[in-house]
4 protein chains.
Amino acid sequence: MLTINRLSLSDAGPLLEGARARAEAIGVPMCIAVTDESGNLIAFERMDGGKITSITIAIDKAFTAAAARKPTHEYGEAAQPGSAAYGINSAIAGRLLVVAGGLPIVVDGVVVGGIGISSGTPGQDREVAEAAIAAFGSGQ
Amino acid sequence: MLTINRLSLSDAGPLLEGARARAEAIGVPMCIAVTDESGNLIAFERMDGGKITSITIAIDKAFTAAAARKPTHEYGEAAQPGSAAYGINSAIAGRLLVVAGGLPIVVDGVVVGGIGISSGTPGQDREVAEAAIAAFGSGQ
Amino acid sequence: MLTINRLSLSDAGPLLEGARARAEAIGVPMCIAVTDESGNLIAFERMDGGKITSITIAIDKAFTAAAARKPTHEYGEAAQPGSAAYGINSAIAGRLLVVAGGLPIVVDGVVVGGIGISSGTPGQDREVAEAAIAAFGSGQ
Amino acid sequence: MLTINRLSLSDAGPLLEGARARAEAIGVPMCIAVTDESGNLIAFERMDGGKITSITIAIDKAFTAAAARKPTHEYGEAAQPGSAAYGINSAIAGRLLVVAGGLPIVVDGVVVGGIGISSGTPGQDREVAEAAIAAFGSGQ
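These lines cover the structure that appears in this document, whether it is placed above or below. Quantities reported herein were computed from a predicted structural model and do not represent experimental measurements.

What to know about the packing of helix α1 (residues 9-26) of chain D against helix α4 (residues 122-138) of chain D
All names here are of chain D.
And then number 1: Where α1 contacts α4, the axes come no closer than 7 Å and their chain directions differ by 135°. Judged by the inter-axis angle, α1 sits oblique to α4. Considering the relative orientation of α1 and α4, their crossing is right-handed. Together, Asp 11, Pro 14, Leu 15, Gly 18, Ala 19, Arg 22, Ala 23 and Ile 26 of α1 and Gln 124, Glu 127, Val 128, Ala 131, Ala 132, Ile 133, Ala 135 and Phe 136 of α4 make up the contact between the two elements.

Observations concerning the sheet that holds strand β2 (residues 41-46) of chain A
And then number 1: With respect to topology, eight strands assemble into an open sheet ordered β3(A)-β4(A)-β1(A)-β2(A)-β3(B)-β2(B)-β5(B)-β4(B), the strand pairing being antiparallel. At either margin of the open sheet sits one strand with a lone partner, and together these are β3 (102-107) of chain A together with β4 (102-107) of chain B. Across the sheet, the axes of successive neighbouring strands diverge by a mean angle of 20°, strand direction being ignored.
And then number 2: In this sheet, strand β4 (residues 110-118) of chain A lies alongside strand β1 (residues 31-36) of chain A in antiparallel orientation, the contact comprising six bridges. In the strand pairing of β4 of chain A, Cys 31 of chain A is matched with Ser 118 of chain A.

Quick look at the interface of chain B and chain C
And then number 1: At the junction of the two partners, chain B supplies 21 residues and chain C supplies 21 residues.
And then number 2: Carbon and sulfur atoms make up 62% of the area that chain B and chain C hide from each other, which totals about 1600 Å².
And then number 3: There are zero salt bridges connecting chain B and chain C.
And then number 4: Residue classes in the side of chain B that touches chain C are distributed as 14 nonpolar, five polar and two charged.

Points about the side chain of Ser 90 of chain D
And then number 1: Here Ser 90 of chain D shows up in the loop between α3 (72-78) and β4 (102-107).
And then number 2: Apart from the residues lying within four places of it in its own chain, the contact partners of Ser 90 of chain D are Asn 89, Ser 90 and Gly 94 of chain A.

Focus: unusual backbone geometry
And then number 1: Within the chain, Ile 92 of chain A stands out as a residue other than glycine whose phi angle is a positive 55°.
And then number 2: When you line up the elements, Ile 92 of chain A lands in helix α4 (residues 91-94).
And then number 3: Of note, Asp 108 of chain C is a non-glycine position whose phi angle comes to about 55°, a positive value.
And then number 4: Looking at the secondary structure, you find Asp 108 of chain C in the loop between β3 (102-107) and β4 (110-118).
And then number 5: Look at Asp 108 of chain C and you get exposed, because its relative accessible area is 77%.

Quick notes on the interface of chain D and chain A
And then number 1: On the chain A side, the residues contacting the 21 residues of chain D number 21 residues.
And then number 2: For the pair chain D and chain A, the summed buried surface comes to about 1600 Å²; carbon and sulfur atoms form 61% of the total.
And then number 3: Summed over the three residues of chain D that lose the most area to chain A, namely Tyr 86, Ser 90 and Ile 92 of chain D, the buried surface amounts to 33% of that side.
And then number 4: Linking chain D with chain A are zero salt bridges, by the criterion used here.
And then number 5: Where chain D touches chain A, the interface holds six residue pairs in polar contact (both at pLDDT 80 or more).
And then number 6: Class assignment for the residues of the side of chain D that touches chain A results in 14 nonpolar, five polar and two charged.

Rules and cut-offs
Residues numbered from 1 in each chain as written. Chains lettered and ligands numbered in written order. Predicted model: local features only at pLDDT ≥ 70, side-chain atom pairs only at ≥ 80, totals over all residues. Heavy atoms only, no water. Axes fitted to C-alpha atoms, helices over the stretch in contact; angles between N-to-C directions. Helix = DSSP H or I, 4+ residues; strand = E, 2+ residues; numbered from the N terminus. Parallel < 35°, antiparallel > 145°, perpendicular 65-115°, else oblique. Left-handed = near helix turned anticlockwise from the far one by under 90°. Contact = heavy atoms within 4.5 Å. Pairing = 2+ DSSP bridges. Buried area = accessible area lost by both parts, 1.4 Å probe. Salt bridge = Lys/Arg side-chain N within 4 Å of Asp/Glu carboxyl O. Nonpolar A, V, L, I, M, F, W, Y, C, P; charged D, E, K, R; others polar. Buried < 20%, exposed > 50% of the residue type's maximum accessible area, 1.4 Å probe, protein only. Polar contact = N/O pair within 3.5 Å; in protein donor to acceptor, adjacent residues only side chain to side chain.

See the structure below:
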């Protein structure tokens, strides 16, 4: 039998708040998604002005980061032409996102969830995801 | 040019809270989805213990209620064998939900969004959706 | 080699106009789709106030009617529990619509296209589709 | 509550006409799609000879341009190997188009819809989309 550690809905609170605060600070309304360790959605917010396309992209970034236990930007590097994971971005009906902005949430060395951010540049999305993780970590 | 009224993210707050309060009162952890008037997701919460299948079902109930401007339980009646809309439940790749728990959110006679609830019985899902609408309305 | 007769874009004009006129007469803004004989879209209009869910449903009603060469309401009868085509409504990822409002367009006994209407009751959708066909026929 | 501006069906008229006129001028029959600000289809025309594959591509270019508020050719640059948004083209089940020919429609600095063109070269598609926007703008 396995015992799994998984984010609760209340754990998602500081992640959403941390993401929202950084998004407001840089002036980019974001879509923010938090999943559990299996990649299934726990919480989502589309800030006023977040992009419609980013609803799915944020959810799928969080899914990828949690379920593959890897930041989406690392997939971005590995998926370049000539690299080992080239073409992986169209897997799972396109749900495997290789653009920055998806991060696994790690507690005690174990992935317990994922966060995905979308609506800015990939760099902005990643910055906001990192701020969310920092806010979550400081409350642990 | 058309002018459209749409829920903001802050409008989604009392809807989520109203749903959560009723879900706790009846002891059924729920998936709660709020969409805008076009059926696109604004906010989502899966309460601890909410069903994984209900993630998509709650989102699609809210989508149906907003985008078709009709409670999902009314579709349920119209989609019975022998009734006029029989078979409509598999439309839009199965996103058109005809099970109770999806309600349009109406302000000044206009649909501005939708709420979808899933994880309980259809009757419980509808009760929680109605409680969310009541909580939203009392704050207007 | 086969020679196929197929609606042109200019043929779609009177179909759209006929549908729009009847939709306005009954006060129900509709989604109107016209396909060719293979079920591929030629023209589409969403009248102001047409439902978002009806975009796909109108297109898929026209697809079904043209590509299966059968009015969608006839499928509705054949798809009832206990009938021969029971369950057919979820075929083709749910694109096979069995609700009234899709009609093949027949010229000289041959299906040359399809029309699909959605946003009203199934009866209204069918009425508007029939009005479109009548408008098309009177201009032949 | 948010207030949103959105193209009406009558606004789509000059866009379709402008696109058609330029498509005829360059001798390339096109698929032409117009969406609202959320990326949902308002109007569509496949000119006689327009490609079947282009039905979906035109609709998805318009969806991308409106819902992400960005010309599709800008995504094309950002999605090149080694660039930040590499791999984004397979997102949303492949609906996020990064090929030229999709443009947001902007009125008073706000995206109110999108236009998508397909059947020519990407350069021709973009030229026709720009002609549609110009025709729309001159009628404002």
